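Here are the chains, one letter per residue:
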Amino acid sequence: MQVLNSPTQTSPSYATQEPFLIFDNLSKVYPTPTGDFVVLDGIDLAINEGEFVCVIGHSGCGKSTLLDMVAGFRQPTNGEVRLQTQAIQAPGPDRMVVFQNYSLLPWLTAYENIYLGVKSVFPGKSEAIKKRIVMEHLEMVGLADVANKKPSALSGGMKQRVCIARALALRPKVLILDEPFGALDPITREELQEELLTIWRDHQITVLMITHDIDEALFLSDRVVMMTNGPAAKIGEIMLVPFARPRERARMMEDPKFYELRNEALDFLYHRHAHADD
Amino acid sequence: MPTLTFSDSAPNFLTRPLELHLHSLRTMAVFVEVDHIDRVFKLPDGGEYIALKNIDLQIHKGEFVSLVGHSGCGKSTLLNILSGLDLPSAGGIVLEGRQVTEPGPDRMVVFQNYSLLPWLTVRENIALAVNRVMKKHPQAVRDRMIDHHIEMVGLQKAADKRPGQISGGMKQRVAIARALAIRPKLLLLDEPFGALDALTRGGLQEQLMKICQENEVTCVMVTHDVDEALLLSDRIVLMTNGPEAHVGQIVDVPFPRPRERMEVVKHPNYYSLRNEIVYFLNQQKRAKLHKAKPVVAMAANGLEKVNLELGFIPLVDCAPLVVAKEKGLFEAHGLSQVTLNREPSWNAIADGVATGRLDAAMMVAGMPLGMTLGYGNQRPRPMVSALTLSRNGNAITFSKRLFDAGVRTLGDFKAAIDRRPDQVHTLAAVHPTSMHNLLLRYWLASGGIDPDRDVSVTVIPPAQMVSTLKAGTIDGYCVGEPWNARAVSEGSGVVMATDNDIWPGHLEKVLGVTEAWAEQYPKTHLALVKALLEACEYCDDRRNREEIVDLLCKPEYVGADEAHIRQGFLDPYNRGDGSQPEHVLNYIQFFTGKANYPDVSEAVWMMTQMARWGITPFPRNWLAVAERVKRADIFGQAAREMGLVDTGRDRHPIHLFDGLVFDPDEPLKYLDQFAIKRDLRIEEVPMDELTIA
Amino acid sequence: MTAPLDIRPARSRFNLQKFANSSLDALKGLVPPAVAILIFLVIWQVLTMGPDANLPTPVRTVQETWELIINPFFNYGGTDKGLFWQVWTSLQRVALGFTLAAVVGIALGILVGTSSLMYSALDPLFQILRTVPPLAWLPISLAAFQQANPSAIFVIFITAIWPIIINTTEGVRQIPQDYNNVARVLQLSKSEYFFKILFPATVPYIFTGLRIGIGLSWLAIVAAEMLIGGVGIGFFIWDAWNSSRISDIIIAILYVGIVGLLLDRLIVFIGGLVLPEEQKQ
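Remember, it's a predicted structure, so these values are computed and weren't measured experimentally. (Residues numbered from 1 in each chain as written. Chains lettered and ligands numbered in written order. Predicted model: local features only at pLDDT ≥ 70, side-chain atom pairs only at ≥ 80, totals over all residues. Heavy atoms only, no water.)

**Q** How should I be thinking about the overall build of chain A in this particular structure?
**A** Assigned secondary structure in chain A consists of eight helices and ten strands. A compact globule built from 278 residues should have a C-alpha radius of gyration of about 19 Å, and chain A, at 19 Å, falls within 12% of that. Seen through its C-alpha atoms, chain A measures out along the principal axes to roughly 50 × 50 × 45 Å. Looking at chain A residue by residue over its 278 residues, the buried ones come to 56%. In chain A, of all internal contacts separated by at least 6 residues, the share reaching a separation of at least 24 is 70%. When the accessible surface of chain A is split by element, carbon and sulfur atoms take 53% of a total near 11,600 Å². Where the 28 positive side-chain charges of chain A centre and where its 36 negative ones centre are 7 Å apart. (Helix = DSSP H or I, 4+ residues; strand = E, 2+ residues; numbered from the N terminus. Rg over C-alpha atoms; globule rule 2.2 N^0.38 Å. Buried < 20%, exposed > 50% of the residue type's maximum accessible area, 1.4 Å probe, protein only. Contact = heavy atoms within 4.5 Å. Areas by Shrake-Rupley, 256 points an atom, 1.4 Å probe, with all protein chains shown as cover. Lys, Arg positive; Asp, Glu negative; His and termini not counted. Charge placed at Lys NZ, Arg CZ, Asp CG, Glu CD.)

Right, dumping it as structure tokens:
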């Protein structure tokens with residue numbers, strides 16, 4: 001367990017690296033007729049290259065605002081988000097977002113949905129290479145045989161796989177996931193979590209994921225960032241998840257540490273930072 | 001239906017006054033009777049879909065029951081039938097003696113998507129129900145009622161808002177208030193929080209729990225959230241997958257009320273119950289996948305079945321199975337396709353073998369006997385054990401806190417209990433029928449501590465022992481390695497006694513199969529016994545132990561820290577009490593000293609102890625039962641064919657550390673000597689009727 | 001925005017600024033349509049400036065119809081009335097025909113929606129009849145009523161009724177099963193079910209039907225009046241064409257468009273009064 005404001009201390013395998021994605025005293029304030037509304041207040045976090053970080057917190061804790069600022073959809077009021085040394089100012093293909101509600105174009109096939117992005121990001125590549133990139137990524141998520149199906153013919157889990165493939169086909173430096181599995185049934189959710197871990201390991205990509213699910217966060221991430229409740233949400237605690245990789249769910253459930261961490265997170269979210277919905 | 005539940009499996013297992021009280025409450029008259037319900041849907045193509053098959057369930061007044069299962073298991077159909085919105089094809093629902101034939105306000109439903117009327121305000125939505133159902137009351141009374149329920153869910157400020165202006169969580173609170181305002185006899189909740197995010201659910205669950213507690217409502221809830229079910233329910237009904245969904249298992253939830261989330265989560269049984277349910281759901285998922293390719297017996301090499309699924313628990317004494325697999329001993333005996341399944345708990349092992357998912361498994365010593373006798377009021381299942389896989393290897397570990405408080409011996413523990421009679425000490429074992437449980441109880445009772453009345457002894461799977469001990473929800477446990485070594489090395493526990501201090505050389509793990517399986521595949525069974533016997537011999541050769549440690553360290557087997565596996569197995573044993581680590585003779589014994597013989601005397605001793613603690617009845621025909629389970633004939637044939645000694649010890653007296661001597665010919669006299677014991681049930685077990693179910 | 005030196009207390013400055021901002025925003029909203037109209041007028045002017053243009057320029061249109069524009073209320077008897085009276089007569093016909101259509105349509109829609117027998121019997125019929133163009137009904141109604149005015153009203157009625165019936169039916173059939181379950185569990189009586197659940201749940205669909213219906217009515221009346229003559233904006237246009245008063249036609253079209261828009265907005269406005277926020281479409 002690690003406490004607030006020591007973001008530089010990370011899991012051992014990354015300890016030697018330079019921070020990759022940096023949140024530097026990040027704040028977001030919305031002016032309203034009745035005064036300023038502070039959504040996020042002083043977020044400091046450094047994520048290393050190849051790290052898997054989950055952000056967890058109650059609704060309204062500004063998780064999505066945080067994510068929007070990494071993606072470049074919104075600008076921080078104070079501070080900045082830096083990818084390597086570059087301050088993020090606009091959306092770009094180096095940071096791909098996967099949303100909960102799939103956001104696939106319904107009139108395009110799975111293949112075309114991915115191809116669309118590949119074409120615009122790699123205009124200089126030959127047609128054969130672009131085609132190969134698309135097919136490789138469809139294969140990666142095990143959907144090569146439904147390449148020509150439209151989203152309406154795919155299950156929720158398959159759609160989310162296409163989204164992940166589409167995001168990764170653009171070779172982003174950071175993959176941002178906004179509750180990607182929230183709408184899926186528990187079985188499919190677990191399958192996709194496992195696939196995501198494999199993909200993450202093979203691609204060596206940095207992942208920032210927002211979730212509501214403690215078990216999901218513990219299974220996937222290297223660190224779990226727990227947010228306090230808004231307004232003026234900040235990082236309450238950062239939990240190191242030390243389970244060896246590659247991870248296997250059943251093995252993790254045997255580890256006493258799992259129950260310690262789970263209870264710690266439950267305590268944080270339901271006890272110390274319990275949240276009323278009105 | 002089988003009820004593999006903890007409090008049922010050993011009535012005295014979780015002895016706290018409150019839980020006993022709960023049990024007596026259960027015996028009260030049935031409030032809702034779900035009587036052998038089928039639900040068949042006609043398909044457009046003329047066929048039929050059997051959604052529910054023979055659902056039989058009794059719900060008591062004031063009880064909170066959850067229905068848990070995968071989507072499509074018919075749990076919502078069952079709820080609709082309870083409400084009267086849907087009718088069963090066969091069977092029926094009886095509420096307080098009257099059959100349910102149509103929906104009515106005495107069985108109010110809280111739907112997943114709230115079902116609030118969007119054109120009415122919060123208050124008007126509740127008023128619609130109250131005005132309709134409470135017609136005979138004057139308006140003033142009804143208004144008070146409406147106000148009271150708005151207040152109950154804390155929505156005074158939102159009373160005049162329409163559903164579209166409030167959050168999902170608030171909407172569901174309105175739905176709950178509307179349901180409770182009309183004082184239903186039965187509250188039915190259909191995934192009430194399913195549409196809310198995992199964290200918003202938390203507050204609502206606590207509120208619902210409080211309301212149900214205060215109003216003594218009888219509730220049936222459909223959910224797929226295991227944590228939610230555990231927090232709220234008295235019983236959790238696990239449904240199998242459709243078609244023909246039925247009640248697979250009923251789990252009793254023993255947490256005392258009023259409940260508080262963090263207390264519930266820290267209850268020593270929380271994660272074992274949770275894992276039990278998750279395990280059930282995973283089995284259902286697996287069954288779904290398996291349906292596509294049913295497993296058939298593959299005959300080869302002169303054996304009836306060479307594709308075997310064997311179950312094991314990641315413990316150091318699973319070594320014979322690992323060695324047989326890794327050193328090719330199964331193949332050498334013709335068993336060319338053996339898969340080792342790493343199981344999460346002993347219950348999973350028992351369930352897996354009983355349902356045929358596993359062909360055979362490494363079992364705790366008393367499991368074949370316990371299953372044959374029907375432990376925990378389950379249907380008896382004749383089991384066979386023809387091989388003892390290991391002896392010794394257990395220890396009793398107490399928490400560092402107790403040690404630091406001066407508890408060094410059993411006498412110290414007794415004194416500590418006497419000093420603080422208000423404080424409940426909880427100890428854990430891995431299964432009711434395991435030697436851990438029997439030895440721990442024997443050891444406690446020998447020190448004048450009643451394991452049911454002076455302390456609480458509970459069941460927790462091995463892997464969760466250390467975390468529960470660290471969390472402080474249990475004070476000690478009896479378990480095999482590497483879990484004692486791990487607690488010692490992490491500084492959270494101290495070994496109080498090893499089995500060498502209690503009964504050196506006791507049997508520990510055995511090979512178990514169903515009698516039906518043994519009769520169906522006799523040659524395969526023999527080959528399996530031979531392969532494992534050879535593996536046991538290999539394991540006891542100390543020259544092989546370094547290699548075995550390496551095998552056990554593999555993640556697919558035990559996967560624990562090498563240092564913890566080596567403890568006692570190869571390295572000196574560290575008790576963690578400050579004494580020098582020392583080598584323990586035969587810390588785990590796999591072969592030497594006729595270790596593998598299925599010993600009838602030991603079986604009888606275990607039956608006395610299981611009867612002593614009320615886990616099983618004591619069979620009047622104890623010898624017949626013991627000989628039916630312990631198949632010395634199969635062992636003998638295997639040993640002879642391998643050129644090994646085919647005999648064990650004759651019926652022999654057993655000496656335990658307290659000086660009492662067990663004479664296998666006089667088990668009842670032996671039981672008489674114990675001051676601390678439960679009421680004995682002595683029953684004739686009609687062995688001929690115990691045929692293949 | 002740079003504000004001049006201000007010595008008033010902060011609070012009032014805040015309000016002032018807010019007021020300035022909001023009125024500025026409102027003005028900003030008017031700029032794009034104003035520009036679009038201006039461009040349209042310029043194009044029109046350019047295209048019709050030539051000596052042999054068939055249509056008048058905007059300037060000429062205004063000059064020629066100035067009398068009509070500044071004095072919509074004149075009444076010289078017969079069909080020689082100001083534009084207000086022309087529109088007013090048409091609106092009266094629409095009001096009568098549309099009201100009839102609404103009453104009959106909603107009642108029929110609910111009936112058909114609640115009974116699956118009626119639905120299967122009548123829905124195909126409705127689907128066929130709704131595609132019949134309004135003017136196709138005119139000869140039949142003239143034959144039936146023998147008079148111009150009732151015939152026009154009947155055409156309005158028959159044009160507007162189909163979307164009202166079909167949408168109401170759809171609304172009844174689309175009542176979420178949950179609401180019906182609530183009614184069943186609470187054992188609501190038939191009348192309670194109708195007033196507490198069925199009708200409110202159907203209202204948004206009814207308003208969709210009414211909105212489509214009013215649009216069609218207005219389309220139909222202009223066309224019908226062209227054929228049956230008498231006072232009314234439709235005949236005014238036809239009369240202007242016969243008298244080659246192109247400018248009058250242009251100004252009448254403008255009136256027709258604005259009135260049509262106002263009718264549509266009126267239904268939306270009433271719907272807004274009746275419907276709670278979350279049921280608006």
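Right, picking up where we left off after that structure.
**Q** So what exactly am I meant to see when it comes to the packing of aromatic side chains here?
**A** Within a pair of aromatic rings, the relevant descriptors are the distance that separates the centres and the angle that separates the planes. Tallying each qualifying case throughout the model produces 30 aromatic pairs over all chains. Ring geometry for Tyr442 of chain B against Phe674 of chain B: centres 5.8 Å apart, planes inclined by 85°, an arrangement best described as edge-to-face. Highlighted residues: Tyr442 of chain B in helix H17 (residues 435-446) and Phe674 of chain B in the loop between helix H28 (667-672) and strand S25 (682-683), separated in sequence by 232 residues. Judged on exposure class, the residue Tyr442 of chain B and its partner Phe674 of chain B are both buried. Ring centres of Phe73 of chain C and Phe84 of chain C lie 4.7 Å apart, and the angle between their planes is 55°; on these two criteria the pair is classed as tilted. Of the two residues, Phe73 of chain C is situated in the loop between helix H3 (66-70) and helix H4 (83-114) and Phe84 of chain C in helix H4; the sequence distance between them amounts to eleven residues. A relative accessible area of 49% places Phe73 of chain C in the partly exposed class. Taken together, the ring pairs connect Tyr442, Trp503, Trp605, Phe657, Phe662, Tyr670 and Phe674 of chain B into an aromatic cluster. Between the NZ or CZ atom of Arg261 of chain B and the centre of the ring of Tyr270 of chain A, over which it lies, the distance is 4.0 Å. (Phe/Tyr/Trp six-rings, centres within 6.5 Å; stacked < 30°, edge-to-face > 60°. Lys NZ or Arg CZ within 6 Å of the ring centre and 35° of its normal.)

**Q** Explanation requested: the sheet that holds strand S1 (residues 30-42) of chain B in the structure shown.
**A** Residue and element names in this part refer to chain B. Pairing is antiparallel across the open sheet formed by four strands, whose spatial order is S2-S1-S4-S5. Of all strands in the sheet, those with a lone pairing partner are strand S2 (48-60) and strand S5 (98-99), marking the two edges. Of the pairings in the sheet, the one linking S1 to strand S4 (residues 90-95) comprises five bridges and is antiparallel in character. Considered in S4, the bridge of Asp38 is made with Ala90. (Pairing = 2+ DSSP bridges.)

**Q** Before we go on, may I ask you to explain the interface of chain C and chain B in this structure?
**A** Frequently, the measure chosen for interface size is the accessible area that the parts lose on association. Taken together, the contact between chain C and chain B spans 18 residues of the former and 25 residues of the latter. Both sides together, the interface formed by chain C and chain B hides about 2,000 Å², and carbon and sulfur atoms give 66% of it. Along the contact surface separating chain C from chain B lie one salt bridge. Between Glu192 of chain C and Arg132 of chain B there is a salt bridge, with its nearest N and O atoms 3.1 Å apart. (Buried area = accessible area lost by both parts, 1.4 Å probe. Salt bridge = Lys/Arg side-chain N within 4 Å of Asp/Glu carboxyl O.)

**Q** For this particular structure, what's the right way to read the confidence of the model for chain C?
**A** Low pLDDT marks regions whose predicted coordinates should not be analysed in detail. Residue and element names in this part refer to chain C. Residues at a pLDDT of 70 or more form 91% of chain C, whose mean pLDDT is 85. Counted against residues more than four places away or in other chains, residues 1-13, with its pLDDT under 50, gives five contacts. This prediction of the complex comes with two scores: 0.76 for pTM and 0.79 for ipTM. (pLDDT = per-residue confidence, 0-100.)

**Q** For this particular structure, what's the right way to read the pairing of strand S18 (residues 476-480) of chain B?
**A** Working note: regular strand, side chains alternate between the two faces of the sheet. Residues and elements named next belong to chain B. In terms of residue burial, S18 counts as a mostly covered element, since five of its five residues are buried. With burial as the criterion, each face of S18 is covered, one bearing Gly476, Cys478 and Gly480 and the other bearing Tyr477 and Val479. Direction of pairing for strand S15 (residues 394-399) relative to S18: antiparallel, over a ladder of five bridges. Each bridged residue has a counterpart across the sheet, and for Asn394 the counterpart in S18 is Gly480.

**Q** How do you make sense of unusual backbone geometry when you look at a structure like this?
**A** Outside of glycine, negative phi angles account for most residues, and trans bonds account for most peptide bonds. Cis geometry marks the peptide bond from Arg245 of chain A to Pro246 of chain A, where omega comes out at -5°. Among the structural elements, Pro246 of chain A can be located in the loop between strand S10 (235-240) and helix H7 (249-254). In this model, Gln146 of chain C sits at a positive phi of 65°, which is unusual for a non-glycine residue.

**Q** Explanation requested: helix H13 (residues 346-355) of chain B in the structure shown.
**A** All names here are of chain B. Across the ten residues of H13, eight count as buried, placing the element largely inside the fold. Restricting attention to buried positions, one finds in H13 the residues Trp346, Asn347, Ala348, Ile349, Ala350, Gly352, Val353 and Ala354. Of the residues trailing H13, Gly356 is marked for its positive phi of about 85°.

**Q** What is the right way to read the pairing of strand S2 (residues 35-48) of chain A from this model?
**A** All names here are of chain A. Two strands pair when backbone bridges link them, and strand S1 (residues 19-32) and S2 are joined in this way by ten bridges, in the antiparallel orientation. In the sheet register, Thr32 faces S2, and the bridge partner there is Gly35. Following S1, the chain reverses through two residues before pairing antiparallel with S2.

**Q** Is there a simple way to think about the interface of chain B and chain A in this case?
**A** Contact residues are listed per partner, giving 39 residues for chain B and 26 residues for chain A. Summed over both partners, the interface of chain B with chain A comes to about 2,800 Å²; 54% of that surface belongs to carbon and sulfur atoms. Sorting the residues of chain B by area buried against chain A places Leu199, Met262 and Tyr271 of chain B first, and these three jointly supply 24% of that buried surface. Seen at the junction of chain B and chain A, the total is four salt bridges. Between Arg262 of chain A and Asp227 of chain B there is a salt bridge, with the nearest N and O atoms lying 2.7 Å from each other.

**Q** It is not clear to me how the sheet that holds strand S11 (residues 307-312) of chain B should be interpreted in this structure. Could you clarify?
**A** Adjacent strands of a sheet form backbone hydrogen bonds with each other and so pair up, either parallel or antiparallel. Residue and element names in this part refer to chain B. Read from one edge of the open sheet, six strands run S12-S11-S13-S20-S14-S21, paired in mixed fashion. If you trace the sheet from one side to the other, it starts and ends with strand S12 (337-342) and strand S21 (588-589), each paired once. Here four bridges tie strand S13 (residues 360-364) to strand S20 (residues 507-514), and the two strands are oriented antiparallel to one another. By the bridge assignment, Val364 is partnered in S20 with Lys509.

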